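# Chains, contacts and geometry: an overview
Listed here are the chains, written in short residue letters.
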Amino acid sequence: MKILGIDDNIDINNLMKDVLEALGHNFTFTNNGREGVKLISEQQFDAVFLDVAMPEFSGIDVVDALLKEGIIKKQPVILFTASSITNSEIQELIKKGVYSCIRKPVEIDALILTLKNLNSK
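Attention here is on the structure that accompanies the text. (Residues numbered from 1 in each chain as written. Predicted model: local features only at pLDDT ≥ 70, side-chain atom pairs only at ≥ 80, totals over all residues. Heavy atoms only, no water.)

### Focus: the overall build of the chain
Along its length, the chain carries 5 helices and 5 strands. Tracing the chain from N to C terminus, the helices and strands come up as β-α-β-α-β-α-β-α-β-α. For 121 residues, the compact-globule estimate of 2.2 N^0.38 gives 14 Å, and the C-alpha radius of gyration of the chain, at 13 Å, lies within 12% of that figure. Each principal axis of the C-alpha distribution contributes one length, and for the chain these read about 35 × 30 × 30 Å. The 121 residues of the chain split such that 43% are buried. Taking the intrachain contacts of the chain between residues at least 6 apart in sequence as the baseline, contacts between residues at least 24 apart amount to 62%. Distance from the positive charge centre (13 side chains) to the negative charge centre (17 side chains) of the chain: 8 Å. (Helix = DSSP H or I, 4+ residues; strand = E, 2+ residues; numbered from the N terminus. Rg over C-alpha atoms; globule rule 2.2 N^0.38 Å. Buried < 20%, exposed > 50% of the residue type's maximum accessible area, 1.4 Å probe, protein only. Contact = heavy atoms within 4.5 Å. Lys, Arg positive; Asp, Glu negative; His and termini not counted. Charge placed at Lys NZ, Arg CZ, Asp CG, Glu CD.)

Here you go:
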């Protein structure tokens with residue numbers, strides 16, 4: 001799978017890269033929400049892991065930009081968050097087109113299951 005990570009924490013991006021590439025996936029990342037929107041609008045990804053709490057241009061801003069551009073449902077966006085986002089807020093984002101949410105710290109099994117579910121669609 002071709003996967004994009006959008007997270008302001010470079011250590012998380014590097015860890016995700018190591019794990020996902022060891023599983024045979026191609027992982028690209030950016031630590032900037034605006035750059036993430038640009039990458040999503042220019043390329044097709046099989047999955048996008050999106051951190052919610054980022055400075056300047058948050059994951060919520062990314063979702064809103066993708067919704068405005070009409071491309072939110074073209075690539076599965078998976079929220080990837082340690083923030084205190086509520087379940088009702090997650091459900092609102094899913095209504096906007098977000099595929100699902102994984103809370104940090106991430107268990108590798110949950111990550112693999114999410115990717116497996118995407119593959120079975």
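### A closer look at the pairing of strand β2 (residues 26-30)
The sheet contact formed by strand β1 (residues 2-6) and β2 spans 5 bridges and is parallel. Bridging from a neighbouring strand, Leu 4 pairs with Thr 28 of β2. As a crossover connection, the stretch from β1 through helix α1 (residues 10-22) into β2 is right-handed. (Pairing = 2+ DSSP bridges. Right-handed = clockwise from strand over helix to strand, strands pointing away.)

### What about helix α3 (residues 59-69)?
Considered for burial, the residues of α3 that qualify are Gly 59, Val 62, Val 63, Ala 65 and Leu 66. Along α3, the residues classed as buried sweep out an arc of 165° about the axis, all on the same side. For α3, the N-terminal cap is Ser 58; the gap from its side-chain oxygen to the backbone nitrogen of Ile 60 is 3.2 Å. Phi turns positive, to about 75°, at Gly 70, one or two residues after α3. (Arc of directions from axis to C-beta. Polar contact = N/O pair within 3.5 Å; in protein donor to acceptor, adjacent residues only side chain to side chain.)

### Some remarks on the pairing of strand β5 (residues 100-103)
Taking every second residue as pointing to the same face, the buried face of β5 carries Ser 100 and Ile 102, while none of Cys 101 and Arg 103 on the other face is buried. Here strand β4 (residues 77-81) pairs with β5 via 4 bridges, running parallel. Bridge pairing links Thr 81 to Arg 103 in β5. Regarding topology, helix α4 (residues 87-96) serves as the crossover connection from β4 to the parallel β5, and that connection is right-handed.

### Digging into the environment of Pro 105
Note that Pro 105 resides in the loop between β5 and α5 (108-119). When the C-alpha atoms of Pro 105 and Thr 81 are compared, they prove to be 8.3 Å apart, with 24 residues separating the residues in sequence.

### Digging into the packing of aromatic side chains
How two aromatic rings sit relative to each other is given by the distance of their centres and the angle of their planes. Applying the stated criterion to the full structure yields 2 aromatic pairs. Lys 2 extends its terminal NZ or CZ atom over the ring of Phe 45, reaching a point 5.1 Å from the ring centre. (Phe/Tyr/Trp six-rings, centres within 6.5 Å; stacked < 30°, edge-to-face > 60°. Lys NZ or Arg CZ within 6 Å of the ring centre and 35° of its normal.)

### Re the sheet that holds β2
Strand pairing in a sheet relies on backbone hydrogen bonds, with the paired strands running either antiparallel or parallel. Spatially, 5 strands are ordered β2-β1-β3-β4-β5 in an open sheet, and the strand pairing comes out parallel. With partners counted over all chains shown, the strands left at the sheet margins are β2 and β5, one partner each. Each neighbouring strand pair of the sheet contributes to a mean axis angle of 20°, computed without reference to strand direction. In this sheet, β4 lies alongside strand β3 (residues 47-50) in parallel orientation, the contact comprising 3 bridges. Looking at the pairing, Val 48 lines up with Val 77 of β4. Docked against the sheet, helix α2 (residues 33-42) engages β1, β2 and β3, running at close to 160° with respect to β1. (Axes fitted to C-alpha atoms, helices over the stretch in contact; angles between N-to-C directions.)

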